[in-house]
Structures are given as structure tokens and as C-alpha cells.
Amino acid sequence: MIEQNRKGEVWVFAEQEDESLNEVSLELCGKARELADRLSVRAAAVLAGWNVRELSYRLIAHGADKVYYVHDTHLEHYRTLPYARVMCRLIAKHKPQIVLYGATPLGRDLAPRIASEMRAGLTADCTDLQIGDYTEPKTNAVHKNLMLQIRPAFGGNIIATIINYDRWPQMATVREGVMRLRDGDPKRSGEIIEEKVEFNDFDLVVRLIERHREKRKINLKAARTIVAGGAGVGNKEDFQLIHDLAGAVGGAVGASRAAVDGGFVGAEHQVGQTGTTVRPALYIACGISGAVQHRAGMEESAKIIAINWDREAPIFSVAHFGIVGDLRKVIPMMIKAIKERA
Amino acid sequence: MSYHCIVCVKQVPDTSRITGDVMKPDGTLNRAVLPAVFNHDDLNALEAALSVRDSHGGTVTVVTMGPMGAAEVLRESLYRGVDRAVIVNDRRAAGSDTLATGYILSQAIRKIGRYDFVFCGRQAIDGDTAQVGPQLAEKLGLVQITYFEKILELSDRTVRLRRNVGNGWEVLETRLPLLLTVLDTANEPRPAAARRVMQYKRARTVGEAACEISAAMPDATEQKRDAEQAVRIEKLKMNDLLIEQWDLDDIEADLQWCGISGSPTKVHRVQSIVLTKEGYTELPPTEEGIRGLIHELIVDHTLG
């Protein structure tokens, strides 16, 4: 752990693969900018890789005042240990007060390793980050301007606010899409600081033999309309109805966790706290009861239509239009109505 | 060459079967209404370890940390074929966050001794953090491979394996020992073997045995109960049915890194979810109602 450092910067781990930044890192730069302004400190990104200096400018455009850039052939492709070494060294050296990571497979592999080595706290999958004060109930000691790490917990029945007032840095992971991606400002200026980190034999003990990446097949975040199905769809065969309606409205197919766990559709379709957060013009929720984790991922959609047989389903609390009925009957009627208008 | 495998497992509340009764009127959780289950991904971790032993020989030891009732997942593991089962049970471990949990498990694994592989499930359904595996690996000074899918080659001290990161996969090669977090798509966990259920359903920890004796002899003196307990434990031992139970002293844990004091993250506030019913327009599930809705969406350019 590092000592509390009230002048410490707000950091973002900048995730890049194949010389391209993960969008979540840009979203987090915007959030870091906001937190840093509240704290009157600087926002910075850590960019590790090989020949990726150019990416610094995008990080700066999205809110970073500084980019710590570590350029090394050992960092060309992500491996846990060398990347953890970079982060731990730089955290120990510069003592940031906050470090944010995307809750991607890479971020979820890296961040806990760093937290353990630094003996610092880490909160996974936050849906909101704020700055606020905390009073210890026993001692009445007041800790000012902490990062409040907010996340649903326990099957979504509670929202927990987590803090970390003694073992800094305060660290959190955030899913892609949870923080809004602001437009970058190419005129923003920032500093690029080159850092050198030495690796030992253990850091390099894992060899990458072969690596394969697929282009993202569906892009829920970019979809203007999303038709999503949940447990209420019942089975994989009936999930075809969701595909059919999505086809009719020219939208993408989304799903609740229950539908993904039930094997109705692949995990890349999952909307919600542990999936993708979306803000389409229209979201049609079919047979989704609407646990808070799911609602957290879609409630900012401009228009929400909920179809559910259960009038008490929480999804109706965020809906603009509700249809209480059997989706097996309602969806074909919708498709028919759309085709009549076309 | 044979391999020693350790599997970390967790008993979790079945969050997929939450009902309205889970929140008490005062807004706190009513854990009693939630069934406790074997964390699903941990069954995949267990299967991965058992299959290493099946093909190369060696041992599988399963370890859990939790309240006394969590010994149930150890019995479930014994039914599936593990050689040894250990529970770390200590009130002082309560309130541990993922960092403190990783530390306590690392101390338990050090006490277990020799190992080549440590397997964990990818994540637990009650927190979904996926943090304990990497933190445990760091505490043990081990390489971690998360999102593990399968072993491609294992010879002597070198392993080549594949991990799946959602939008792709990687083949990695490294040396033993190492820690793996196992995906639920990695394998099909074997069911409990009937013969082993018959054999191990009476396996107990010291704590469980003491509880059962207290319940059976409510009016007996403490002395009498202790004597009865000693007999019971001797019998369990003889029949190889005593599940090892360790506390934080047994694993030489430094208390400053355990429980609440060992946990950097603290819960500041917990709010139960109150749904604000804002008005929505309800449409009848009829052709006419739906036609009207589609019309409205097209007119305001939401559709088309």
C-alpha cells in the first residue's frame, strides 16, 4: 500500500491491444477528469506497450493531463506479470490516490494482482464513482473526499457503497459503457512522460505461443434499437422470436443474464452490470423481469418498452410503455404491425 | 510424473433464486431464506483438477473458507473423488474482503504443503468479482492464468494451455507450479459417485460433530459431552471420515491481514432497492393496441 496522498493524481490504466485503445479506457479518462476536478488534482493515464506512443494523444483528448508511457518489447502483448510490474512500480513511484481499470477480461486479470501486491483495496464492476466524505462510526474520524465506489451486490437486491480510506490507492474496475464516452477534444494539451521499468526472470516466465482475436461480431453500444430477451422467453427455440423482432425493427439482439445463463444466446449479447451498458433510442425488453443489474445497463435508453406477463415485474418501473401479456403472442403482433407500415 | 492439485471452492447463496422474502422489512438481508449451493464455476475447477489426476496420477485436495455449514461443499467434493478436504473456519475471518480472503487461503495452502496446480473457479456468483484467484496467486508468488480452458500439453514441469478471453484465445506456456481460474465452459463437471456418497455422507468436521452432539444431549454435563465428542472424533478418524478444520492460528495467519482489519475495502452504506414506480403507458396485448404503439414510434422517428 502507499500512504495517503491528497495531492495524488487520478489514474486510468489505458488498455490497448494490437495498437488500438479499448474504448472503456477513454470513457474512464472522462470520469477521471471529473473526479480529478472535484479533488483539484491532475488526471493521468498509464499506457504500456510497444510502439504505441501515438495513442497518448487520444487519452489526452479525452481528459488526461499526463500520460505515463512505458515502451518495451516485453509489453507488446498483454501478459499479467510484466504489466503488473509496470503498474506497481509506477504506483509506488508517483502515489496516485485513485486508479481505475476497465472491467474487461484483461482488466479483471490485472487489477486484482496489483491490488494484492500493493495491499490496496479494489472494488469490481462499479456502476458509479463519486467523491464524498465518510465518518468512521466507532471513532467519529472523518475521511474527506474519498472515492465512493457504488455497485449492486447480492443478486441485485442491494446497492453497496464501498470506500477505502486507509490503504491507498483507491482502486475500482468499471464495465465498458457504464461511463459515458464524451467527445474527445483534440485541442487539449497534455504531457507524455516516458518511464522505464525493469523486469526480472519471474515476470517473463509465461510465454505467449499463439494468440487469436476475433472482431467483435455485435456492437450493442452502437445499436439504435435493441430487442432483448430474458428468462421469460423460456427456451432457445422461442428466443428466435427475439431475433425475428430485432430483424423487423433493424435492431440488435440483447439479453439478460438469465437468458445467457440459460444458453438461449451468447454472452456477447448480455446487457447489464456484468454485460454491456447501452443507451439506444429504443429498448424492447421481452420477458425480462428487470433485476437491478440489468436495469443498470439499459435504464438510460431513450424509450423503453417492456413486455412481461407479470404486472409486478420491476422492469415496468423503468418502462415508458408496458404490455402485460404473453410475449409469444405479443411479438408476432408487433412484427405484423411493423410489416404493415413498411 | 504425478501432480498435486489444490482446488479452492466456495459455498454461496443461490442468488439466481432470490425471492421477495430476501430483504427483511428493516432493509437487511435475510440469508436464511437463500439456499446455499456449491459455486458453479468451482465445480469446473474441481473437474479440471480431477482430470489432471485421472490422466497423470497424483492427488486432489479441496479447501474452503467459510462458516461451519460450508463443509457441505467439501462433502460434495469428496463424493466427486477428492483425496483430502480442509475447511478454514474462524470468526475472526468474518468480514474479509477479497484481499483478506486471498491471504487466508494462501496461508491454508502453505499449510497443505506441496502442490503443482492451484485451481479456482473463474468467479463466485455472490460477488462476481473474480478477484480472489489473482490475489491468491500473488500471495503465493505464483503465475496466474485466468479464463483457463484446457491443458494442451503437460510434461514434467512445463505446461502448455489455452485461455479464452471472450473475443479470442491464447496459447501460453509456463512452468509449474501455477494457479488457474477455470471457465464454466472448460469442462462438464462429473456428478457425485453413488458409492462415494455412501462412503462420505457421514464425513464431519470437528465443529459439526460437536454441534450434533450438543443437539443430541441437551441435558448432559459439559464433561459428558466432551467425552462423547472425543469418542465420536476418534471414530470419524478411524473411518477416515474426519474433515480437517483449521482456524487462523492453525494456518499461522497474521491477524492484521485477516477479517475486517485485513480488508482495505469497507462497506460505507447499503441501500435496498426501492423501485420508484413512475407512470408508464400500459397498452393492451391486442393487435389494435400494438398497432397504435408502432404507429407512435414511427411518427416520433424512434423507429425507421
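Note that this is a predicted model, so its numbers are computed, not measured.

Q: When you look at the overall build of chain A in this model, what are you seeing that I'm missing?
A: Along chain A, the regular secondary structure elements total eight helices and 18 strands. Relative to its length of 342 residues, chain A is compact, with a C-alpha radius of gyration of 22 Å against a globular reference of 20 Å. The dimensions of chain A, computed from C-alpha atoms along their principal axes, are 65 × 55 × 40 Å. In chain A, which comprises 342 residues, the share counted as buried stands at 56%. Considering only contacts in chain A between residues 6 or more positions apart, those separated by 24 or more positions represent 66%.

Q: I'm lost on the nonpolar core in this one. Help?
A: A general feature of soluble globular proteins is that nonpolar side chains tend to end up buried together. Ala45 of chain A together with Val7, Ala49 and Phe119 of chain B are the most contacted members of the largest nonpolar core, which has 135 residues in total. In this structure, Ala49 of chain B is in contact with Cys5, Val7, Val60, Phe117 and Phe119 of chain B, ignoring residues within four places of it in sequence. Counting 52 residues, the second-largest nonpolar core is a separate cluster that includes Tyr283, Val318 and Val330 of chain A together with Leu303 of chain B.

Q: I tried to follow helix H2 (residues 71–80) of chain B on my own but got confused; where do I start?
A: One turn of an α-helix holds 3.6 residues; hence residues three or four places apart share an orientation. All names here are of chain B. The buried count for H2 comes to nine of 10 residues, which makes it a mostly enclosed element. Of all the residues in H2, the buried ones are Ala71, Val73, Leu74, Arg75, Glu76, Ser77, Leu78, Tyr79 and Arg80. Positive phi shows up at Gly81, right after H2, with a value of about 120°.

Q: Sorry if this is basic, but what is going on with the interface of chain B and chain A here?
A: It is common to give the size of an interface as the accessible area lost on bringing the parts into contact. On the chain A side, the residues contacting the 62 residues of chain B number 66 residues. Elements with a minimum of two residues in the side of chain B that touches chain A: helix H3 (98–112), helix H4 (132–140), strand S7 (143–155), strand S9 (168–175), strand S13 (266–272), strand S14 (281–283) and helix H8 (287–299) of chain B. At eight residues, the largest contribution of residues to the side of chain B that touches chain A is made by S9 of chain B. Of the residues that constitute the side of chain B that touches chain A, the class distribution is 27 nonpolar, 20 polar and 15 charged. Both strand S18 (residues 321–324) of chain A and S14 of chain B contribute to a ladder of three bridges, which runs parallel. Across the sheet, Phe321 of chain A pairs through a bridge with Thr281 of chain B, a residue of S14 of chain B.

Q: I would appreciate a short explanation of the packing of H3 of chain B against H4 of chain B in the present structure.
A: Relative orientation and spacing of two packed helices are given, respectively, by the angle between their axes and the distance between those axes. All names here are of chain B. Across the interface, H3 lies against H4 with an axial gap of 8 Å and an inter-helix angle of 50°. The pairing of H3 with H4 is recorded here as oblique in orientation. In this structure, H3 meets H4 at a crossing whose hand is right-handed. Note on element contacts: H4 touches H3 through Val132, Gln135, Leu136, Lys139 and Leu140, opposite Thr98, Leu99, Thr101, Gly102, Tyr103, Leu105, Ser106 and Ile109.

Q: Would you take a moment to explain the confidence of the model for chain B for this structure?
A: The predicted coordinates ought not to be read in detail in places where the model reports low pLDDT. The predicted model of chain B averages 92 in pLDDT, with 93% of residues at 70 or higher. Prediction confidence for the complex, expressed as pTM and ipTM, is 0.86 and 0.90 respectively.

Q: Is there a simple way to explain the domain arrangement of chain A in this structure?
A: Residues and elements named next belong to chain A. When cut into domains, chain A gives domain 1 (10–204) and domain 2 (220–341). On a C-alpha basis, the centres of domain 1 and domain 2 stand 32 Å from each other. Its residues placed into classes, the side of domain 1 that touches domain 2 shows two nonpolar, three polar and three charged.

Q: For this particular structure, what's the right way to read the pairing of strand S6 (residues 98–102) of chain A?
A: Residue and element names in this part refer to chain A. Summarising burial for S6: five of the five residues are buried, a large majority. Of the two faces of S6, both are covered, the one formed by Ile98, Leu100 and Gly102 as well as the one formed by Val99 and Tyr101. Bridge count for strand S1 (residues 10–14) against S6 is three bridges, and the pairing is parallel. Note on S6: the bridge partner recorded for Val12 is Leu100. Taken together, the five bridges between S6 and strand S11 (residues 170–174) define a ladder with parallel strand orientation. When the bridges of S11 are listed, Ile98 appears paired with Gln170.

Q: What is the right way to read the sheet that holds strand S14 (residues 225–229) of chain A from this model?
A: Whether parallel or antiparallel, the strands of a sheet pair through hydrogen bonds between backbone atoms. Strand order in the open sheet formed by six strands is S15(A)-S14(A)-S16(A)-S17(A)-S18(A)-S14(B), and the pairing between neighbours is parallel. On the outer flanks of this sheet lie strand S15 (252–255) of chain A together with S14 of chain B, each paired with one strand and no other. Each strand of the sheet is rotated relative to its neighbour by a mean of 20°, with strand direction disregarded. As paired strands, S14 of chain A and strand S16 (residues 282–286) of chain A are joined by five bridges and run parallel to one another. Paired with Ile226 of chain A across the two strands is Tyr283 of chain A, which belongs to S16 of chain A. Relative to the sheet, helix H5 (residues 240–249) of chain A contacts S14, S15 and S16 of chain A, its axis offset from that of S14 of chain A by approximately 170°.

Q: Explanation requested: unusual backbone geometry in the structure shown.
A: Peptide bonds are, in most cases, trans, and in most cases residues other than glycine have a negative phi. A cis geometry characterises the amide bond from Trp168 of chain A onward to Pro169 of chain A, with omega recorded as 0°. For the peptide bond that leads from Leu176 of chain B to Pro177 of chain B, omega is 0°, which places it in the cis range. Positive phi is not limited to glycine here, since Arg119 of chain A has a value of about 55°. In this fold, Arg119 of chain A is placed in the loop between helix H4 (105–118) and strand S7 (122–126). Despite not being glycine, Asp128 of chain B shows a phi value in the positive range, around 55°. Along the polypeptide, Asp128 of chain B turns up in the loop between strand S6 (117–121) and H4. Classification of Asp128 of chain B by C-beta neighbours within 10 Å gives buried; the count is 21.

Q: Quick question: what am I supposed to make of the environment of Thr173 of chain A here?
A: Residues and elements named next belong to chain A. With respect to the helices and strands, Thr173 occurs in strand S11. For Thr173, a count of 29 C-beta atoms within 10 Å puts it in the buried group. Taking C-alpha positions, Thr173 is 6.2 Å from Cys126, a pair spaced 47 residues apart along the chain.

Rules of the game
Residues numbered from 1 in each chain as written. Chains lettered and ligands numbered in written order. Predicted model: local features only at pLDDT ≥ 70, side-chain atom pairs only at ≥ 80, totals over all residues. Helix = DSSP H or I, 4+ residues; strand = E, 2+ residues; numbered from the N terminus. Rg over C-alpha atoms; globule rule 2.2 N^0.38 Å. Buried ≥ 20, exposed ≤ 12 C-beta atoms within 10 Å, placed from the backbone. Contact = placed C-beta atoms within 7 Å. Core = buried A, V, L, I, M, F, W, Y, C linked by C-beta atoms within 7 Å. Nonpolar A, V, L, I, M, F, W, Y, C, P; charged D, E, K, R; others polar. Pairing = 2+ DSSP bridges. Axes fitted to C-alpha atoms, helices over the stretch in contact; angles between N-to-C directions. Parallel < 35°, antiparallel > 145°, perpendicular 65-115°, else oblique. Left-handed = near helix turned anticlockwise from the far one by under 90°. pLDDT = per-residue confidence, 0-100. Domains from an automatic or database assignment.

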